[in-house]
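Letter by letter, the chains look like this.
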Amino acid sequence: MSEQGQKSWFGRNWLWFIPLTGCLGFILLIVLGLGAAFFGVSNMINNATPVEYAIELATKNELVIKNLGEPIEKYGIPSGNISLTNDDGDVDFSIPIRGNIGEGTLVVRGIKIDGEWVYEDLYVRIRDTQEEINLLEKVKALKSI
């Protein structure tokens, strides 16, 4: 009587194991790729000059601080678009911001001409009251002095 050896686990299950791991690996690559793309775009928008400038103005504005509290910080995902071509471009997006008292939305609209940003709209809309605080008024007043 001859003894027949039992096949290993892989020998018994290779027919379903290889296609399943291939499919799962492919799905994992797609998910990681989409996550990296989303993170890269989100990081690019958050570190763009108009965003940094708008956040700086909002954190120094007394009316914004009075309505939202301190510290004012970004949260959530900015929405809108930013388009850059060499030294020209445009920006139109909103950034959710909050302080320890309330929340609001920072709206930024502008164009970039020859490397210089010109802002058409730059204001904070307070969520509770829907009041809009123009952040450009003080900047214009300071430039005219």
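Residues numbered from 1 in each chain as written. Predicted model: local features only at pLDDT ≥ 70, side-chain atom pairs only at ≥ 80, totals over all residues. Heavy atoms only, no water.

Summed over all chains, the structure comprises 6 aromatic pairs. Summarising the aromatic geometry, the rings of W9 and F17 are spaced 5.5 Å apart at their centres and angled 80° between planes, so their arrangement reads as edge-to-face. Under the relative-accessibility criterion, F17 is labelled partly exposed at 29%. Ring geometry for W16 against F17: centres 6.1 Å apart, planes inclined by 85°, an arrangement best described as edge-to-face. Through successive ring pairs, a cluster of aromatic residues spans W9, F10, W16 and F17. The ring of Y75 is capped by R98, whose NZ or CZ atom sits 4.4 Å from the centre of that ring. (Phe/Tyr/Trp six-rings, centres within 6.5 Å; stacked < 30°, edge-to-face > 60°. Buried < 20%, exposed > 50% of the residue type's maximum accessible area, 1.4 Å probe, protein only. Lys NZ or Arg CZ within 6 Å of the ring centre and 35° of its normal.)

The next subject is the pattern of salt bridges. For the coordinates displayed, the defined rule picks out 6 salt bridges. As a salt-bridge pair, E73 and R98 come within 3.4 Å of each other at their nearest N and O atoms. Here E73 is found in strand β1 (residues 73–74), whereas its partner R98 is found in strand β3 (residues 88–98), with 25 residues between them in sequence. For R98, a relative accessible area of 30% puts it in the partly exposed group. Close ionic contact of D92 with R109 constitutes a salt bridge, the shortest N to O distance being 3.2 Å. Taken together, the residues span a long stretch of sequence, with D92 in strand β3 and R109 in strand β4 (residues 103–113) at a distance of 17 residues. The class for D92 is partly exposed, based on a relative accessible area of 35%. A relative accessible area of 29% means that R109 is categorised as partly exposed. Connected through salt bridges with shared partners, the residues D92, R109 and D121 form a single ionic network. (Salt bridge = Lys/Arg side-chain N within 4 Å of Asp/Glu carboxyl O. Helix = DSSP H or I, 4+ residues; strand = E, 2+ residues; numbered from the N terminus.)

Structurally, D88 can be placed in strand β3. Not counting the four nearest positions on each side in its chain, D88 is found in contact with S83, K112, I113 and D114. In terms of polar contacts, D88 uses its side chain to reach the backbone amide nitrogen of D114, at 3.0 Å. (Contact = heavy atoms within 4.5 Å. Polar contact = N/O pair within 3.5 Å; in protein donor to acceptor, adjacent residues only side chain to side chain.)

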